[in-house]
Amino acid sequence: MSKNNKTAITPTREENYAEWYQQVIKAADMAENSEVRGCMVIKPWGYAIWENIQHILDRMFRETGHRNAYFPIFIPKSFFEKEAEHVEGFAKECAIVTHSKLEADEKGGLKLAGELTEPYIVRPTSETIIGASFAKWVNSYRDLPLLINQWANIVRWEMRTRLFLRTTEFLWQEGHTVHETEIEAREETLKMLNVYATFARDYLALPVIQGEKTESEKFPGAVTTYCIEAMMQDRKALQSGTSHFLGKNFAKASEIKFQNRNGEMEYAWTTSWGVSTRLIGALIMAHSDDNGLVLPPKIAPSHIAIIPIYKNDEEKQIVMDFAIKVQNIFKGLYLDDIQIFTEMDTRDMTSSERNWYWIKKGIPLRLEIGPRDIVNDSVMLARRDKEPKDKHSIKIDNVVDYVLKTLSEMQEGYYQRALNFRDKWTVDIDDKEEFYRFFNSKNEEQEISGGFANSHWCGNQTCEEKIKDDLKVTIRCIPFEAKEEEGKCIYCGEKSNRRVIFAKAY
RNA sequence: CGGGGUGUAGCGCAGCCCGGUUAGCGCACCUGCUUUGGGAGCAGGGAGUCGGAGGUUCAAAUCCUCUCACCCCGACCA
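Just so we're clear, the structure is a prediction, and the values are computed from it rather than from any experiment.

**Overview of the overall build of chain A**
Looking only at helices and strands, chain A has 14 helices and 27 strands in total. A globule of 506 residues ought to have a C-alpha radius of gyration of about 23 Å, and chain A, at 26 Å, matches this closely. With the C-alpha coordinates aligned to their principal axes, the bounding extent of chain A is approximately 80 × 65 × 60 Å. When the 506 residues of chain A are sorted by exposure, 53% land in the buried category. Pairs at least 24 apart in sequence give 70% of the contacts found in chain A among residues at least 6 apart. Averaged over its 68 positive side-chain charges, chain A has a centre that lies 2 Å from the centre of its 78 negative ones.

**Describing the sheet that holds strand S10 (residues 224–231)**
In space, the 11 strands of this open sheet follow the order S3-S7-S8-S14-S11-S10-S9-S24-S27-S23-S22, with mixed pairing throughout. In the strand order of this sheet, the two ends are held by strand S3 (67–68) and strand S22 (426–428), each with one partner. The pairing of strand S24 (residues 474–479) with strand S27 (residues 499–503) spans 3 bridges and is antiparallel. When the sheet's bridge partners are listed, Cys477 is paired in S27 with Ile501. Contacts from helix H2 (residues 44–63) reach S3, strand S7 (146–155), strand S8 (169–179) and strand S14 (269–276), with the element oriented near 165° to S7.

**So, the environment of His176**
Within the secondary structure layout, His176 lies in strand S8. Here His176 falls in the buried class, since its relative accessible area comes to 4%. Taking C-alpha positions, His176 is 27 Å from Lys298, a pair spaced 122 residues apart along the chain. Leaving out residues up to four positions away in the same chain, His176 has contacts with Ser126, Glu127, Ile130, Phe134, Leu146, Leu147, Ile148, Thr271 and Ser272. Here Glu174 takes part through its side chain, which lies 2.8 Å from a polar atom of the side chain of His176.

**A closer look at the nonpolar core**
With 58 residues, the main nonpolar core has Met30, Leu57, Phe164, Phe199 and Met232 as its most contacted residues. With 8 residues, H2 is the single largest residue contributor to this core. Two domains each donate at least three residues to this core, and these are domain 1 (17–287) and domain 2 (297–409). The residues touching Met232, leaving out its near neighbours within four places in the chain, are Tyr17, Leu206, Leu238, Ala282, Met285, Ala286, Phe421 and Tyr506.

**Focus: the domain arrangement of chain A**
Annotation of chain A at the domain level lists domain 1 (17–287), domain 2 (297–409) and domain 3 (426–503). For domain 2 versus domain 3, the distance between C-alpha centres works out to 47 Å.

Thresholds, definitions, all that
- Residues numbered from 1 in each chain as written.
- Chains lettered and ligands numbered in written order.
- Predicted model: local features only at pLDDT ≥ 70, side-chain atom pairs only at ≥ 80, totals over all residues.
- Heavy atoms only, no water.
- Helix = DSSP H or I, 4+ residues; strand = E, 2+ residues; numbered from the N terminus.
- Rg over C-alpha atoms; globule rule 2.2 N^0.38 Å.
- Buried < 20%, exposed > 50% of the residue type's maximum accessible area, 1.4 Å probe, protein only.
- Contact = heavy atoms within 4.5 Å.
- Lys, Arg positive; Asp, Glu negative; His and termini not counted.
- Charge placed at Lys NZ, Arg CZ, Asp CG, Glu CD.
- Pairing = 2+ DSSP bridges.
- Axes fitted to C-alpha atoms, helices over the stretch in contact; angles between N-to-C directions.
- Polar contact = N/O pair within 3.5 Å; in protein donor to acceptor, adjacent residues only side chain to side chain.
- Core = buried A, V, L, I, M, F, W, Y, C linked by side-chain atoms within 4.5 Å.
- Domains from an automatic or database assignment.

Here it is, written out as structure tokens:
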């Protein structure tokens, strides 16, 4: 077999999806496991994606009236104990700080000293510590709504981790808001969920299903949890963002009270919502292929790799002069609200090796410039969504229009492709045996995840648990778009008036 | 915490069963020359307390005991 026929990533998605995922990250040089168990080092190419996510979302948060602030990473244990369900949900995965200093021990090492009177929890989420501040900030209905966001790192001591999808420490954004009325708080919860869905669609090219979590899947301490769920290429579901209506639960725990319009003291209504570096995992698994990372242009750290080709110093001079001129054409260029960035790759490697390097990194466009192009006053342009050797000569005069048109076409194409894939593997299932077959199929190498089953559920938690025990399949959400419909619960056959999304999940 | 597995150069591995030259291979790295429009070639080079401790032996990467770390599967989870 010639080298040209093989994929850049081994194994392929088909052969071993989990391993493929790891290899894509490695080949694109996005992140690596650190010396600290369960924690990752996010490398520049991966971190730049996070920064883009931050910039875009931050603007959307500001546009919806939110302001950023920062609260401590340490949460006194006593704060944490105030909300019973909350404690229950997070107790098993907390890192706890118990000491304040180190002292030399007899063996020349160090021992813990300065034991704290009250241990601190390293935040797994910040409702309680932010609540303590909010209690002081809110006195009157005139102080409301209070709309705050925090960009932070958090720690959840997971037993098993995977880069970007589940790490012990991860980066996220958590919005926390306080409202005068239940209606307003519920509106806020849905508004921010919609911001996430819009962001996922328009920038990540990721189609998501918006819906409500069942009792067993909701955030500990929330009244209602809403989510966006996306389908990965192995047909598993990935929860990509959540938004919680917290009722008065956390207000009561943190004493967030205000004097209402009737002059009475009242507990406030709160919400919280977040997305994390997990979105990068979603991006990878939704779009990438057997040649590595694929990035929608609107989230890519850089958009065009310029690859000059020359044989000797004389040619190099001519080619580089021309290449730099071409690079300058793209300076300050925007694709809608996204600035276009270029990479000049002058490394002493063959052009094909440089091409493959950028293919694996998922850069949307590659632009080769050699002596032959200069003669024609053109460049060779290759797209990440086409075959590696599929290239077209573009006249310099047209290159800006062509690039912008192509990028925007690619952005839309990735969304459509992901949407078609999801639709293809989303099925209405009304027969229990068929449901079990859908989720049980396997090939020799790995389990096949079925897809999204749109099936009736009676609302009984027991049925949900049985299905989870049997198939490792859970209810991902009760979709907003699900219409009222008479039917029978896929598990017990009892009456149901709605379909929910069942799937295996990350 | 249960069940399985692996520790040998930066990464991936062979050698171990059956003890015996100077511990080897691929990739990566460094130097030089030739190359460069589909993953370059040749020559030379640097890099290792064989996870750790103890034991058996004339002799241990190899055999024995203990220990540590990590990975995979399960319970938990964004």
